[in-house]
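What follows is the residue order along each chain.
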Amino acid sequence: MGGASGTPPAAFQETSLAHLIDPTRKWYNNRRLITLNAWIVLLLITSSTTGYDGSMMNGLQSLPQWESAFNYPSNGNLGLLNAIQNIGALAGYPFAPYLSDGLGRRQAVWFGAAIMCIATAIQTASQSVEMFIGARFLIGFGNTFAANAAPMLVTELSYPTYRGPLTSLFNCLWYSGSIIAAWTTFGSFKINNSWAWRLPSLLQGVPSVIQVLLILFAPESPRWLVSKGREAEALKTLAYYHADGNEQDPVVQFEFNEIKAALEFDRTVAANIGWKSLIATPGNRKRMRIIIAIAFFSQWSGNGLISYYLSRVLNEIGITNASTQLLINGILQIWSFICGLYAAYAVNRLGRRFLSLTSAALMMLFYMAQAICFAEYSQHGTVAAGHAVVAFIFLYSSAYALAFTPLVIAYTVEILPFNLRAKGLCVMNFVVSLALIFNQYVNPIALDALGWKYYLVYVCWIAFEVVFLWFFVVETKDRTLEETAALFDGEDAIDQITHKAAAHDVREDGLLEKQSS
């Protein structure tokens, strides 16, 4: 497994879908693909709500109006205010996979979005810290259902050549919400009443309102439809969006038959049913080892200090003006968003493994530089060193965005077979929430106690991440969704799935030739 090569096995190269793809069919010149991608954008904005929350809470801590409304929360209360959303998410995790697999991806997204609409209304109308905390709990609870189903629907609906970039975009859209929140709190800073913080709270519900109104009109996952025995609907969906309605199109037929073969393999060979199956086979244990690790890495790489406690960090290096802090936060979100978009665009070109290793190595380098500059400012009061910390925060954020922004969700959903996808993604999100809760409680306390020395803890941890990623991340580019998932079960699994699809295509071609003659 370690240092796995990105070279596809011979069987894959022979039966790959790539030779069937029409090179002239692009996302910008085909009306059906444009429509499909519009629906996918509706799903991608699910991530905006999460990003909005983190940046909003960061910005609110710089607003005197918010601090006075909630009696200047102490470190412990501040940790609870930040962590309660993830506590709410934890409460939803046991139920989210069953809703996604049982009622469908669309219904799960709608249900989660509806809860978030109610929660943001309560948050905006909060009259006490208890009401505010309760609303944030509900936001986390509702977001669990939407965030479980939306990325799966993206990856299961996407046209094959765009699946990697589009699924990678899901987590990148975290920054779109983050940017809006950062600049909203920057602008609302000038409002001299409670609407300085109520307005950002109100706008958090906009993506959810849009989804509640539109998501039930979107197409359902063809994989989910096949799993429920609704094969005719699945074929029609694939044909409509991937081949202008032609159900006999070679790409559609290959996809359709590979989906059926993969689901049959999961049921009859891999026995991927139930929670226990996540660790029942060597292939599944390999998957879960990587998924759990990258979930922790995505939150324990020092990014929690920037995402939730940037104002505290800036205070420590002498940047105490609230307006300046909000401005830095706003520019940082835009910078990270741009870097994440580039990584999503490059994910098929550069590969998952290259991006992961480059990201972790650069994060370690830039975090070490932050620690050195932070120490210089703390010990000697060197103003230039404090400013250098800000520069290295930007460089660190760009390194983080190379892999952990686009791949933490995209890599998880693509290496999981269909019957485990909802449960495996739920485990990933559960681990992320656990890591976030720890971060949100520990970071402000540890930063106060250790100052710049706290950065050294993260430097050592990121060094461990580099070693882990080197040995365990497997390259998955240039494969279909079913082939990627089967990769962890060995070449025999890939052969069984791809050869069935290819054999069916050969039979179809033969029949057509006979009919034409």
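Because the structure is a prediction, the values reported are computed rather than measured. Starting afresh in each chain, residues are numbered from 1 along the sequence in its written order. The predicted nature of this model means local features are confined to residues of pLDDT at least 70 and side-chain atom pairs, given and counted, to a pLDDT of 80 or more, with totals for whole chains, interfaces and linings taken over all residues. Side-chain calculation: all heavy atoms of the structure are included, whereas hydrogens and water are not.

Visitor: Could you clarify how one ought to interpret the overall build of the protein in this entry?
Guide: Helix and strand counts for the protein come out as 24 helices and 0 strands. Here the protein holds 517 residues, and 60% of them are scored as buried. What makes two residues a contact is simply this: any of their non-hydrogen atoms within 4.5 Å. Sequence-distant contacts in the protein: of pairs separated by 6 or more residues, those separated by 24 or more amount to 82%. Here the Shrake-Rupley method, with its probe set to 1.4 Å, supplies the accessible areas, and only the displayed protein chains count as covering residues. Working note: accessible area of the protein is about 19600 Å², and carbon and sulfur atoms make up 66% of it. Numbering of helices and strands runs from the N terminus, with a helix taken as a DSSP run of H or I at least four residues long and a strand as a DSSP run of E at least two residues long. For every residue, the accessible area obtained with a 1.4 Å probe (protein chains only) is divided by the maximum for its type, and the residue is called buried under 20%, exposed over 50%, and partly exposed between those limits.

Visitor: Any chance you could explain the packing of helix α8 (residues 129-157) against helix α9 (residues 163-172) here in plain terms?
Guide: Between two packed helices, what matters for the description is the angle formed by their axes and the separation of those axes. Note on definitions: angles span 0 to 180 degrees between N-to-C directions of axes, and those axes are lines fitted to C-alpha atoms, for helices only across the stretch in contact. Where α8 contacts α9, the two axes come as close as 9 Å, and the packing angle between them is 165 degrees. As far as their axial angle goes, α9 and α8 are roughly antiparallel. In the packing of α8 onto α9, the handedness of the crossing is right-handed. Every residue of α9 that contacts α8 at A150, P151, V154 and T155 is listed here: R163, L166, T167 and F170. Roughly parallel here means an angle under 35 degrees, roughly antiparallel means over 145, roughly perpendicular means 65 to 115, and every remaining angle is called oblique. Here a crossing is called left-handed whenever its near helix is offset anticlockwise from the far helix by less than a right angle, and right-handed whenever the offset is clockwise.

Visitor: What am I meant to see in the side chain of S336 here?
Guide: For S336, the location among the structural elements is in helix α18 (residues 322-350). Here S336 is in contact with Y175, S397 and A401, once residues within four sequence places are set aside.

Visitor: Got a minute to help me understand the nonpolar core in this structure?
Guide: Across soluble globular proteins, nonpolar side chains have a tendency to be buried as a group. Grouped together as the largest cluster of nonpolar side chains are 105 residues, with contacts concentrated most on L305, Y367, Y411, M428, Y455 and L469. At 16 residues, helix α20 (residues 383-415) tops the list of elements feeding residues into this core. When residues no more than four places from it in sequence are discounted, the contact partners of Y455 are L305, V313, Y367, Q370, A371, F374 and L447. To qualify as a nonpolar core, a set must consist of buried Ala, Val, Leu, Ile, Met, Phe, Trp, Tyr and Cys residues joined through side-chain atoms within 4.5 Å. The next biggest cluster of nonpolar side chains, apart from the first, holds 14 residues, and it includes M56, M57, L63 and W66.

Visitor: Teacher, can you tell me more about the packing of aromatic side chains here?
Guide: Each aromatic ring pair is characterised by the separation of its centres together with the angle its planes make. Each Phe, Tyr or Trp ring (for Trp, its six-membered ring) is paired with any other whose centre lies within 6.5 Å, and the angle between the two planes then decides the class: stacked below 30 degrees, edge-to-face above 60, tilted in between. Going through the model one piece at a time under the given rule, you end up with 24 aromatic pairs. When the ring of Y396 is compared with that of Y400, the centres are 6.4 Å apart and the planes differ by 35 degrees; the resulting orientation is tilted. Of the two residues, Y396 and Y400 are both situated in helix α20; the distance of 4 residues between them amounts to about one turn of the helix. Neither Y396 nor Y400 differs from the other in exposure class; each is buried. With 4.7 Å between their ring centres and 45 degrees between their planes, F468 and F472 make a pair best called tilted. Placement of both F468 and F472 in helix α22 (residues 453-472) is noted, with a separation of 4 residues, approximately one turn of the helix. For F472, a relative accessible area of 23% gives the class partly exposed. Taken together through their ring pairs, the aromatic side chains of Y367, F374, Y396, Y400, F404, Y454, Y455 and Y458 make up a single cluster. Note on geometry: a ring has a charge over it if NZ (lysine) or CZ (arginine) is within 6 Å of the ring centre and within 35 degrees of the ring normal. Over the face of the ring belonging to W470 we find R353, whose NZ or CZ atom lies 4.9 Å from the ring centre. The ring of W275 carries the charged tip of K423 above its face, separated from the ring centre by 5.9 Å.

Visitor: Help me out: how do you make sense of α18 in this one?
Guide: Expected helix span is computed as 1.5 Å times (number of residues minus one). In this model α18 runs 40 Å from its N-terminal to its C-terminal C-alpha over 29 residues, within 8% of the 42 Å that 1.5 Å per residue would give. Directly after α18, the chain includes G351, whose backbone phi takes a positive value near 90 degrees.

Visitor: For this particular structure, what's the right way to read the pattern of salt bridges?
Guide: Any two side chains of opposite charge can pair, on the condition that their charged atoms come close. We count a salt bridge whenever a side-chain nitrogen from Lys or Arg sits within 4 Å of a carboxyl oxygen from Asp or Glu. Within the structure shown, the criterion is met by 9 salt bridges. For R25, the salt bridge identified is with D244, shortest N-O distance 3.5 Å. Within this pair, whereas R25 is found in the loop between α1 (10-15) and α2 (31-44), its partner D244 is found in the loop between α14 (231-242) and α15 (250-270), the two being separated by 219 residues in sequence. By relative accessible area, which is 41% here, D244 ends up partly exposed. Taking the shortest distance from any N to any O, the salt bridge between R105 and D101 comes out at 2.9 Å. Salt bridges sharing partners connect three or more residues here, namely D101, R105, E156 and R421.

Visitor: What is the right way to look at the packing of helix α19 (residues 352-380) against α22 in this model?
Guide: Between α19 and α22, whose axes approach to 9 Å, the crossing angle comes to 165 degrees. The angle between the axes of α19 and α22 places the two elements in the roughly antiparallel class. Pair α19 / α22 crosses with left-handed handedness. On the side of α19, the interface is formed by R353, S356, L357, A360, A361, M363, M364, Y367, M368, Q370, A371 and F374, while α22 contributes Y455, L456, Y458, V459, I462, A463, E465, V466, L469 and W470. Amino acid classes used here: Ala, Val, Leu, Ile, Met, Phe, Trp, Tyr, Cys and Pro are nonpolar; Asp, Glu, Lys and Arg are charged; the rest, including Gly, are polar. Residues that form the contact of α19 with α22 fall into these classes: 18 nonpolar, 2 polar and 2 charged.

Visitor: So what exactly am I meant to see when it comes to unusual backbone geometry here?
Guide: Negative phi is the rule for most residues except glycine; trans is the rule for most peptide bonds. In this model, D244 sits at a positive phi of 55 degrees, which is unusual for a non-glycine residue. One non-glycine residue with positive phi stands out, namely D478, at about 65 degrees. Relative to the assigned elements, D478 resides in the loop between α22 and α23 (481-486). Classification of D478 as exposed rests on a relative accessible area of 53%.

Visitor: Hey, could you run me through the confidence of the model for the protein in this one?
Guide: For residues with low pLDDT, the predicted coordinates do not support detailed interpretation. A residue-level look at the protein finds 89% of positions with pLDDT of 70 or above and a mean pLDDT of 85. Looking at any residue, its pLDDT shows the predictor's confidence there, from 0 to 100. For residues 1-15, every residue scores under 50 in pLDDT, and the model assigns this stretch 36 contacts once sequence neighbours within four places are set aside. In the predicted structure, residues 506-517 sits below a pLDDT of 50 and forms 1 contact with residues beyond four places in sequence or in another chain.

Visitor: Is there a simple way to explain a nonpolar patch on the surface in this structure?
Guide: Taken together, W195, L199, L202, L203, V206, V209, I210, L213, L214 and F217 make up a surface patch of nonpolar side chains, about 880 Å² in accessible area. Secondary structure elements with two or more residues in the nonpolar patch: α11 (195-203) and α12 (206-214). The biggest single contributor to the nonpolar patch is α12, with 5 residues. Within the element layout of this structure, L213 appears in helix α12. Residue classification places L213 among the exposed positions, given a relative accessible area of 58%. Two joining distances apply to patches: 9 Å for like charges and 5 Å for nonpolar side chains (Val, Leu, Ile, Met, Phe, Trp, Tyr), and every residue must have over 30% relative accessible area and no salt bridge.

Visitor: Just to check I follow, could you spell out the environment of I139 for this structure?
Guide: Structurally, I139 is set in helix α8. Distance in space between the C-alpha atoms of I139 and Q123 is 9.0 Å, their sequence separation being 16 residues. Leave out the neighbours within four places in its chain, and I139 touches Q85, M116, A119, T120, Q123 and Q204.

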